[in-house]
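Notes for the structure review
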Amino acid sequence: MEIKKTTDGAKTVIAVTGRVDTTTAPELEAGLKLAGNETLTLDLAGVPYMSSAGLRCLLAAQKKMMAGGGAMTVVGIQPAVKEVLDITGLSGILTLA
């Protein structure tokens, strides 16, 4: 898995490439450690698979952003990942674009 982070003031874009599973989720979690008061765009266009460990990272990041007054939008969701988000109900919790 590869994580690319770009920041422009209070706007952060994190692009993830590769599988997000039990092995790589800790790396994603570390990459999502932000102050919480910024605007985060999480680009998952390069993620073909996400396990429950990855979903936990997304939910934790969403909660932190909301608590800090920030916002998180998830973009570029592949069909297989979207299906998992729909099945788990996270598509109704996360802001998807």
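Structure shown above.
Okay, so let's go over this structure. (Residues numbered from 1 in each chain as written. Predicted model: local features only at pLDDT ≥ 70, side-chain atom pairs only at ≥ 80, totals over all residues. Heavy atoms only, no water.)

This paragraph deals with the nonpolar core. Counting 25 residues, the largest nonpolar core has V16, L32, L42, L44, M50 and L85 as its most contacted members. Those elements giving two or more residues to this core turn out to be β2 (11-17), α1 (25-31), β3 (39-46), α2 (52-67), β4 (71-75) and α3 (79-88). Element by element, the count of residues in this core is highest for α2, at six residues. With sequence-adjacent residues up to four places away left out, L32 is seen in contact with I14, L40, L42, C57 and A61. (Core = buried A, V, L, I, M, F, W, Y, C linked by side-chain atoms within 4.5 Å. Buried < 20%, exposed > 50% of the residue type's maximum accessible area, 1.4 Å probe, protein only. Helix = DSSP H or I, 4+ residues; strand = E, 2+ residues; numbered from the N terminus. Contact = heavy atoms within 4.5 Å.)

Further remarks concern the environment of S52. Residue placement: S52 occurs in helix α2. With 31 residues separating them in the primary sequence, S52 and D21 have C-alpha atoms 7.3 Å apart.

The next point concerns the pattern of salt bridges. Counted by the stated rule, this structure contains four salt bridges. Measuring nitrogen to oxygen at the nearest pair gives 3.6 Å for the salt bridge that ties E2 to K4. The exposure class of E2 is partly exposed, given its relative accessible area of 40%. Residue classification places K4 among the exposed positions, given a relative accessible area of 52%. In this structure, K82 engages D86 in a salt bridge whose closest nitrogen and oxygen atoms are separated by 2.7 Å. (Salt bridge = Lys/Arg side-chain N within 4 Å of Asp/Glu carboxyl O.)

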